[in-house]
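Structure at a glance
The lines below spell out each chain.
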2 protein chains.
Amino acid sequence: MEFQRVDLDHLRQRALLKWGRWPEGVISLSVADIDYPPPPEIKEAVAQWLSQDRTPYGHYQGEMELREQLAQKVTKENGIPATPEDILLVPGTMFAIFLVCYLFLRPGEEAVLSPSPVYGPFWKNVEATGAAAVPHDLEMQSGFLFRRDTLEGLVNTRTRLIMVCNPHNPTGRVLGEKDLQHIAKAALEGDLVIFSDELYEDMVFEGQHLSIASLAPEIAKRTITVFGFSKALGIPGYRVAYMVVPGGLRNRVLEATRRIIVHTDTLAQAAALGSLRARTWWVPALLKHLRQMRDLAVERIGEISGMNCQRPQATPFLFPEVKGLGMSSEETARFLLEKAKVVVQPGNQFGQAGEGFIRLNIATSREVLEEALERIQKAVSELSS
Amino acid sequence: MEFQRVDLDHLRQRALLKWGRWPEGVISLSVADIDYPPPPEIKEAVAQWLSQDRTPYGHYQGEMELREQLAQKVTKENGIPATPEDILLVPGTMFAIFLVCYLFLRPGEEAVLSPSPVYGPFWKNVEATGAAAVPHDLEMQSGFLFRRDTLEGLVNTRTRLIMVCNPHNPTGRVLGEKDLQHIAKAALEGDLVIFSDELYEDMVFEGQHLSIASLAPEIAKRTITVFGFSKALGIPGYRVAYMVVPGGLRNRVLEATRRIIVHTDTLAQAAALGSLRARTWWVPALLKHLRQMRDLAVERIGEISGMNCQRPQATPFLFPEVKGLGMSSEETARFLLEKAKVVVQPGNQFGQAGEGFIRLNIATSREVLEEALERIQKAVSELSS
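Residues numbered from 1 in each chain as written. Chains lettered and ligands numbered in written order. Predicted model: local features only at pLDDT ≥ 70, side-chain atom pairs only at ≥ 80, totals over all residues. Heavy atoms only, no water.

Notes on the overall build of chain A
In terms of regular secondary structure, chain A is built from 12 helices and 12 strands. Computed over the C-alpha atoms, the radius of gyration of chain A is 21 Å, within 12% of the 21 Å expected from 2.2 N^0.38 for a compact globule of 385 residues. The principal-axis extent of the C-alpha atoms belonging to chain A is close to 60 × 55 × 35 Å. In chain A, which comprises 385 residues, the share counted as buried stands at 65%. Expressed as a percentage of contacts within chain A between residues at least 6 apart in sequence, the contacts between residues at least 24 apart total 73%. About 13,600 Å² of surface is accessible on chain A, with carbon and sulfur atoms providing 48% of the total. Looking at charge distribution, chain A has the averaged site of its 42 positive side-chain charges lying 2 Å from that of its 47 negative ones. (Helix = DSSP H or I, 4+ residues; strand = E, 2+ residues; numbered from the N terminus. Rg over C-alpha atoms; globule rule 2.2 N^0.38 Å. Buried < 20%, exposed > 50% of the residue type's maximum accessible area, 1.4 Å probe, protein only. Contact = heavy atoms within 4.5 Å. Areas by Shrake-Rupley, 256 points an atom, 1.4 Å probe, with all protein chains shown as cover. Lys, Arg positive; Asp, Glu negative; His and termini not counted. Charge placed at Lys NZ, Arg CZ, Asp CG, Glu CD.)

Here it is in structure tokens:
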């Protein structure tokens, strides 16, 4: 696999959210797409189901052969004992985030986001219900460490939900067993539902991904986990992800899913099946490339005066602090777009604790990444001169 | 095209909701699937986009080339002047029904369902918001006529939404211009949003389909219309439909869609493009066959003592009255499943006014339909003997 083969013309035409919105010459390190075409197994699986005329309404939860394989994967790899009955195909992780907020939050209630700052749709979907999103912030000044001293004080009688994102978007933090046990304890004590977004499980450089639902049966039975293929396999346009939903929460989740979308698109499910096949060889190859990109970018950003970059344990993101530039996150992003013609995401979009940071996506070719970093470095150096 | 080519083995494996749930030997006239494989243009369009690696995130509203064609179609065929900005791709009509209820109804408010009885998800999605669904019932005893004397009294200060289904599921009624003007007048007077489900526009035998949004600009600007291909083209497993959303309502609709699903699956959008290409030849051929099936079924049911069947103007459904059998809708459905091994849908699932009716889907081969009707006739005759 050639992860240097990044076709910018194709991306400008096809990757509307990441590339297509910007004029030619602009480099986008925004949005969570990877810039590589997906593995052939995905195309083959879709073509096969396409040839079989699998066009009628399918099963509400998803096609059985897919759920069987996903249940095995979740049981073996994630340590969450699951049968096909526990698996629910959904049209993307976003839908899963929406769904748990829609079902488990009412006006005046609260959801703790742990860790925070976190992916913007967590905030938006909590707030859309009339509930409040309560951030459990990482130690932003010291390597994004998980704080075990502050979570307890954030749970009160109005709290219904703890929303976990692990591996963590945007900081690239991988939560350890003690961190997860701390969250689990708070959930048990507060009788809370846990929602765990583990979309980046396949993009871990250091450390071991651990599913919070695997800690103990009494945790699993209150935890809804979502996994997906869109990030690591590069198919966000095919809308598919899968949830592990414990028995006690299942009826409400299935009723709503059926009422809102009937079921997930059948061809997107085929893409999920192809992703499962490709994953074993694709993910190690991708990680090898991404690790190089990460190390290169961390080193380069380290040389930029006013910027300070942690080495992420996971995800395709860097989340450097930019406070030394004397601008807000938004101002920094506007400055880099204007002066460096590089698109980055302002850290405050992930919550107040992300203010003073920016998020960069490194999942592109060495050539594109080096060019982007060079431009950033040049723009910043002109700023201080 | 051979609409007699109905492959029951394939359907039992693939059409999980319509066929797969029932033991072999049972004939399903339930669910809204048609039993024919879809036209080849759909497969070709999906295969083409698949080969182009259109896997990144696309446009939130849908791919531009598709929205351009849909805007043209809606302008020319439906008389709703539309640009690509007015078109929103969604993962199915169900999602559109959910979305308008989610956005425009709050607890204690009301939505008028006109006409009623109507497709169950209208009721469920209204009630899920905490609002009340207020049925504007058809004249059930005389050909499902639209009642212009009763609508006004159903609109009050709590009413926010009128939900139209035209052509009408389950009665097969096509609303005329005066009917639609009557609904439009009520919406104007009550300052209501109109939601119009026109999914069955391509399955009209008699009369002319008219979009309520085409009546006048002041109606269009308060009307959200949804169209789709899943029914007439036979691709409900590919989750795609499209909404026409007027400018004044657009921001709320787009914000929520983006937050809930990001965008509609890209390959499902390709299937929509293929459907547009196939529609011109496929729909007349399908209607020719369906008209024969309708006439055959209406005639046969007319011979069954205790059943009374109107000839529908549209949709693949018959909605015969079964009160003469001396059983409720639910009892009749259970009786027919047990004694005739035929699955039908109890009319009360469409609202209280549907009690005493059953819904049958005639979109299958002559052979399958004749067998089903014969079994029903035999079971009923044994009942009365």
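Further notes follow.
A look at the domain arrangement of chain A
Residues and elements named next belong to chain A. As far as domains go, chain A holds domain 1 (8-39 + 279-384) and domain 2 (41-277). Measuring from the centre of the C-alpha atoms in domain 1 to the corresponding centre in domain 2 gives 25 Å. With 32 residues of domain 1 at the contact, the number on the domain 2 side is 41 residues. Summed over both partners, the interface of domain 1 with domain 2 buries about 3,200 Å², with 57% contributed by carbon and sulfur atoms. When the buried area of domain 1 at its contact with domain 2 is split by residue, R279, Q313 and F350 rank highest and sum to 27% of it. Between domain 1 and domain 2 we count 3 salt bridges in total. For E77, the salt bridge is made with R279, and the minimal N-O distance between the two is 2.7 Å. On the surface where domain 1 and domain 2 come into contact, there are 18 residue pairs in polar contact (both at pLDDT 80 or more). Counting residues per element, the side of domain 1 that touches domain 2 draws most heavily on helix α10 (residues 266-302), which supplies 10 residues. Of the residues contributing to the side of domain 1 that touches domain 2, the split by class is 18 nonpolar, 7 polar and 7 charged. (Domains from an automatic or database assignment. Buried area = accessible area lost by both parts, 1.4 Å probe. Salt bridge = Lys/Arg side-chain N within 4 Å of Asp/Glu carboxyl O. Polar contact = N/O pair within 3.5 Å; in protein donor to acceptor, adjacent residues only side chain to side chain. Nonpolar A, V, L, I, M, F, W, Y, C, P; charged D, E, K, R; others polar.)

Side note on the packing of aromatic side chains
As enumerated under the stated definition, the model contains 32 aromatic pairs over all chains in all. Judged by centre distance (4.9 Å) and plane angle (80 degrees), the ring pair of F3(A) and Y36(A) falls under edge-to-face. One end of the pair, F3(A), is in the segment before α1 (8-14); the other, Y36(A), is in the loop between β1 (27-28) and α3 (40-51), and 33 residues separate them in sequence. With a centroid separation of 5.1 Å and an interplanar angle of 5 degrees, the aromatic rings of F319(A) and F357(A) are classed as stacked. Taken together, the residues F319(A) in the loop between β9 (317-318) and α11 (329-340) and F357(A) in the loop between β11 (345-346) and β12 (358-361) connect sequence positions 38 residues apart. You can call F319(A) buried: its relative accessible area is 2%. In this structure F357(A) comes out as buried when scored by relative accessible area, which is 2%. Within the aromatic cluster, the residues linked to one another by ring pairs are F95(A), F98(A), Y102(A), F95(B), F98(B) and Y102(B). Of note, R54(B) hangs over the ring of W49(B), and the distance from its end group to the ring centre comes to 3.7 Å. (Phe/Tyr/Trp six-rings, centres within 6.5 Å; stacked < 30°, edge-to-face > 60°. Lys NZ or Arg CZ within 6 Å of the ring centre and 35° of its normal.)

Here's the deal with unusual backbone geometry
Residue and element names in this part refer to chain A. Here S114 and P115 are connected by a cis peptide whose omega angle stands at 0 degrees. Tracing the backbone through its elements, the reader meets P115 in strand β3 (residues 110-116). In the segment running from N166 into P167, the intervening peptide bond is cis, with an omega of -5 degrees. Mapped onto the fold, P167 is located in the loop between β5 (159-165) and α7 (177-190). Of note, D53 is a non-glycine position whose phi angle comes to about 50 degrees, a positive value. The topology assignment puts D53 in the loop between α3 and α4 (64-78). Residue class for D53 comes out buried when judged on its relative accessible area of 17%. A positive phi angle, close to 65 degrees, is found at V262, a residue other than glycine. If you trace the backbone, V262 turns up in the loop between α9 (247-261) and α10.

A short note on the nonpolar core
Of all hydrophobic cores here, the largest spans 160 residues; its most connected members are Y36(A), I87(A), M307(A), Y36(B), I87(B) and M307(B). Sequence-distant contacts of Y36(B), that is, excluding residues within four places in its chain, are made with F3(B), V6(B), W282(B), L286(B), H289(B), L290(B), I362(B), A363(B), T364(B) and S365(B). Counting residues in hydrophobic clusters, the runner-up holds 72 residues, among them F104(A), L105(A), A241(A) and C101(B). (Core = buried A, V, L, I, M, F, W, Y, C linked by side-chain atoms within 4.5 Å.)

Focus: the pairing of strand β5 (residues 159-165) of chain B
Residue and element names in this part refer to chain B. For β5, a buried count of 6 out of 7 residues is recorded, marking the element as mostly surrounded by other parts of the structure. In terms of strand pairing, strand β3 (residues 110-116) meets β5 through 4 bridges, oriented parallel. Looking across to β5, one finds that V112 is bridged to I162. Direction of pairing for β5 relative to strand β6 (residues 193-197): parallel, over a ladder of 5 bridges. What sits directly across from V164, in β6, is S196. Crossover β5 to β6 through helix α7 (residues 177-190) is right-handed. (Pairing = 2+ DSSP bridges. Right-handed = clockwise from strand over helix to strand, strands pointing away.)

Quick notes on the relation of the copies chain A and chain B
By a simple turn and slide, chain A fits onto chain B: the slide is 0.0 Å along the axis, the RMSD is 0.0 Å, and the turn is 180 degrees. Such a combination of turn and shift is consistent with a two-fold rotation axis. Looking at chain A, 100% of its interface residues are interface residues in chain B too, so the copies touch through the same face. (Least-squares fit on C-alpha atoms with pLDDT ≥ 70 in both.)

Notes on the pattern of salt bridges
One pass over the structure, following the stated rule, counts 43 salt bridges over all chains. The residue R147(A) makes a salt bridge to D149(A) at a minimum N-O spacing of 3.0 Å. The class for R147(A) is partly exposed, based on a relative accessible area of 27%. Here R160(B) ties to E109(B) by a salt bridge, and the two come within 3.1 Å at their closest N and O atoms. Highlighted residues: R160(B) in strand β5 and E109(B) in the loop between α5 (93-104) and β3, separated in sequence by 51 residues. Among the residues examined, R160(B) registers a relative accessible area of 32% and is labelled partly exposed. Taking relative accessible area as the criterion, E109(B) reaches 15% and is therefore assigned buried. Put simply, E206(A), R294(A), D295(A) and R311(A) are held in one network by salt bridges that share partners.

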